[in-house]
Amino acid sequence: MALPASSSTSRALVLALFSLLLFSVQGQLSNNFYKKTCPNVQTIVRSVMTQAVAKEPRMGASILRLFFHDCFVQGCDASILLDDTSTFTGEKNAGPNANSVRGYEIIDAIKTQMEASCNATVSCADILALAARDGVNLLGGPTWNVPLGRRDSRTASQSAANANLPGPGSSLATLISIFGAKGFTAREMTALSGAHTIGQTRCQIFRSRIFNEANINSSFATLRQQTCPQTGSDNVLSPIDIQSPTTFDNAYYVNLMNQKGLFHSDQELFNGGSLDKQVKQYSNNGAVFAKDFAKAMVKMGNLSPLTGNNGEVRLSCRKTN
Ligand code: HEM
C-alpha cells in the first residue's frame with residue numbers, strides 16, 4: 001500500500017505545480033493576447049505600415065532590420081527603441097545601429113495611434129513584431145501569425161548590441177556561431193539572411209568586397225564601383241539585392257549563386273561550404289524559402305520576451321515610464 005505523502009512532500013508538490021502553471025502563463029506569448037483589451041491592434045499596425053511602405057518601400061526593410069536588432073539584444077523587448085539621455089546609454093549608438101538602423105518614427109506613429117485607441121495596453125515590443133511582419137508582407141513576402149504579449153524593457157545594453165549583432169565582414173563560422181548562440185540552426189540563419197532581398201546599404205559597408213574580393217562577379221563589382229569608389233561616398237546607398245530591392249522574393253539566393261552577394265557575409269553562405277545546397281534550394285524554390293523564413297521569424301520573435309509582470313508597457317517607445 002502506498003504511504004500517504006508527508007505534508008512537506010505534498011507542499012513541495014503543490015508549489016512545483018503552481019510554479020509550472022505560473023511559468024506557462026507568464027512565459028508564453030499568445031495569438032489573441034489583446035483580443036479583449038485592444039481588438040484593433042493588428043489593423044492599426046497594418047494601416048500605418050501600409051502608408052509608410054507606400055510612401056517609401058524601403059521602410060518595410062528598415063523595420064524588419066529594427067526588429068532583428070531588437071531581438072538579438074536582450075530579446076524582443078523594444079530595448080533598441082530607448083533614446084540615449086544624459087544619464088542613460090541605449091543601443092541606438094552601438095556600432096551596428098548608429099547611422100544605420102532607421103524607422104523609429106514609424107514605430108512612434110503606430111504607438112501614437114495605439115495609445116489613442118487603447119491607452120497603456122500594447123507594448124512597443126509587440127508593435128515592432130507586428131510591424132516587421134507587415135513590412136515583409138507589404139513588399140510581397142509571406143505573412144505569419146505573430147504571438148503577442150511581450151512587454152517592454154526598462155533597460156538596454158549598448159555592449160550587448162556591439163557583441164551580439166553580426167558584421168558584414170563575418171565568416172561563415174562566425175555567422176553560424178552568432179546565430180547558434182541565440183538558438184538558431186545554420187539552416188534557420190540561412191533563411192533569415194534572405195531578409196537581404198530588400199533594403200539598402202551604405203558604400204562603406206561593402207567597399208572592400210567590391211574592390212578586394214575574388215569570389216565576386218566582375219561586371220557586378222564594376223557596376224557597384226561606379227557609385228561606391230575607393231574613397232569618399234561612404235554613405236551613398238545601393239540596394240542589397242540588385243535584382244528586386246523592393247520585392248521580398250528569393251532573388252537574394254539567385255544573386256549568391258551568381259557571386260553577386262553584396263556583403264562578404266552574404267557570399268559566405270554560398271562559397272563552397274556547408275550551406276551551398278540550401279542556397280541552391282532557395283534559389284530554385286521561393287515557396288520553400290518563404291515558408292522557412294516565416295517560421296524562423298516567429299522563432300526570432302520568441303527570443304527572451306518579457307511577459308507577465310516583468311518589464312512594462314511603455315507609453316512612449318523612446319523612454320521608460
Ligand atoms: C546574417 C548576418 C547579417 C549581417 C552580417 C547583416 C548585416 C547588415 C548590414 C551591414 C546592413 C547594412 C547596414 C548599412 O548599410 O548601414 C544590413 C541591412 C539590412 N539587414 Fe542585415 N545582416 C544580417 C542578418 C539580417 C537578418 C537576420 C535580418 C532580418 C531578419 C536582416 C535584415 C536587414 C535588412 C532588411 C537590411 C536593409 C535595411 C534598410 O534598408 O534600412 N539582416 N544588414
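Residues numbered from 1 in each chain as written. Predicted model: local features only at pLDDT ≥ 70, side-chain atom pairs only at ≥ 80, totals over all residues. Heavy atoms only, no water.

Helix and strand content of the protein: 14 helices and two strands. Expected size for 321 residues packed as a compact globule is a radius of gyration near 20 Å; at 22 Å, the protein falls within 12% of this value. Once the C-alpha set of the protein is aligned to its principal axes, its extents read approximately 80 × 55 × 40 Å. Sorting the 321 residues of the protein into buried and exposed places 47% on the buried side. When contacts within the protein are restricted to residue pairs at least 6 apart in sequence, those whose partners lie at least 24 apart make up 76%. Here the protein displays about 14,800 Å² of accessible surface, and carbon together with sulfur accounts for 55% of that area. Charge separation in the protein, taken as the distance between the mean sites of 29 positive and 22 negative side-chain charges, equals 5 Å. (Helix = DSSP H or I, 4+ residues; strand = E, 2+ residues; numbered from the N terminus. Rg over C-alpha atoms; globule rule 2.2 N^0.38 Å. Buried < 20%, exposed > 50% of the residue type's maximum accessible area, 1.4 Å probe, protein only. Contact = heavy atoms within 4.5 Å. Areas by Shrake-Rupley, 256 points an atom, 1.4 Å probe, with all protein chains shown as cover. Lys, Arg positive; Asp, Glu negative; His and termini not counted. Charge placed at Lys NZ, Arg CZ, Asp CG, Glu CD.)

Let us now look at the UniProt feature "binding site: heme b" (unreviewed entry) in the protein. Summarizing the sequence annotation, UniProt attributes the feature "binding site: heme b" (unreviewed entry) to His196 in the numbering used throughout. Position of His196 among the secondary structure elements: in the loop between α8 (186-193) and β1 (200-202). For His196, a relative accessible area of 26% puts it in the partly exposed group. Setting aside residues up to four positions removed in sequence, His196 forms contacts with Ile240, Asp241, Tyr252, Phe263 and Asp266. (UniProt positions renumbered as here; feature names shortened; annotations may be inferred.)

Bringing the site of the ligand into the picture now. Surveying the vicinity of the ligand reveals 26 residues, the closest of which are Arg58, Ser62, Ser100, His196 and Thr201. Separating an oxygen atom of the ligand from a side-chain N or O atom of Ser100 is a distance of 2.5 Å. Here Arg202 contributes a side-chain N or O atom positioned 2.8 Å from an oxygen atom of the ligand. Of all the secondary structure elements, the ones that give two or more residues to the shell around the ligand are α3 (58-71), α7 (172-180), α8 and β1. With six residues, the single largest contributor to the shell around the ligand is α3. Structurally, the shell around the ligand is a two-domain feature, drawing no fewer than three residues from each of domain 1 (41-165) and domain 2 (172-299). (Near = heavy atom within 4 Å. Polar contact = N/O pair within 3.5 Å; in protein donor to acceptor, adjacent residues only side chain to side chain. Domains from an automatic or database assignment.)

Right, let's talk about the nonpolar core for a bit. Ile110, Phe293 and Met300 are the most contacted members of the largest nonpolar core, which totals 74 residues. Examining the composition of this core, we find that nine residues originate from one element, helix α5 (residues 124-138), more than from any other. Taken together, domain 1 (41-165) and domain 2 (172-299) each give at least three residues to this core, which thus spans both. Residues in contact with Ile110, not counting those within four places in the same chain, are Ile44, Val45, Val48, Met49, Ile127 and Ala131. In terms of nonpolar packing, the next biggest core, distinct from the first, is built from 10 residues, Ile210, Phe220, Cys228 and Leu262 among them. (Core = buried A, V, L, I, M, F, W, Y, C linked by side-chain atoms within 4.5 Å.)

Attention shifts here to the environment of Met49. Structurally, the position occupied by Met49 is in helix α2 (residues 41-55). Each C-alpha atom, one on Met49 and one on Gly135, is 6.6 Å from the other, the two residues being 86 residues apart in sequence. Leaving out residues up to four positions away in the same chain, Met49 has contacts with Ile63, Ile106, Ile110, Ala131, Asp134, Gly135 and Leu138.

Looking at where Gly194 falls in the secondary structure, it is placed in the loop between α8 and β1. On a C-alpha basis, the gap between Gly194 and Tyr252 in space is 6.2 Å, while along the polypeptide they are 58 residues apart. Ignoring anything within four residues of it in the chain, the contact list for Gly194 reads Phe248, Tyr252, Tyr253 and Phe289.

Turning our attention to the side chain of Arg209. Tracing the chain through its elements places Arg209 in helix α9 (residues 203-212). Overall, Arg209 belongs to the buried group, its relative accessible area being 1%. A polar side-chain atom of Arg209 sits 2.8 Å from a polar atom in the side chain of Glu213. Of note is the side chain of Arg209, whose polar atom sits 2.9 Å from the side chain of Asn215. When residues no more than four places from it in sequence are discounted, the contact partners of Arg209 are Asn215, Ile216, Gln259, Gly261, Leu262, Phe263, His264 and Gln267.

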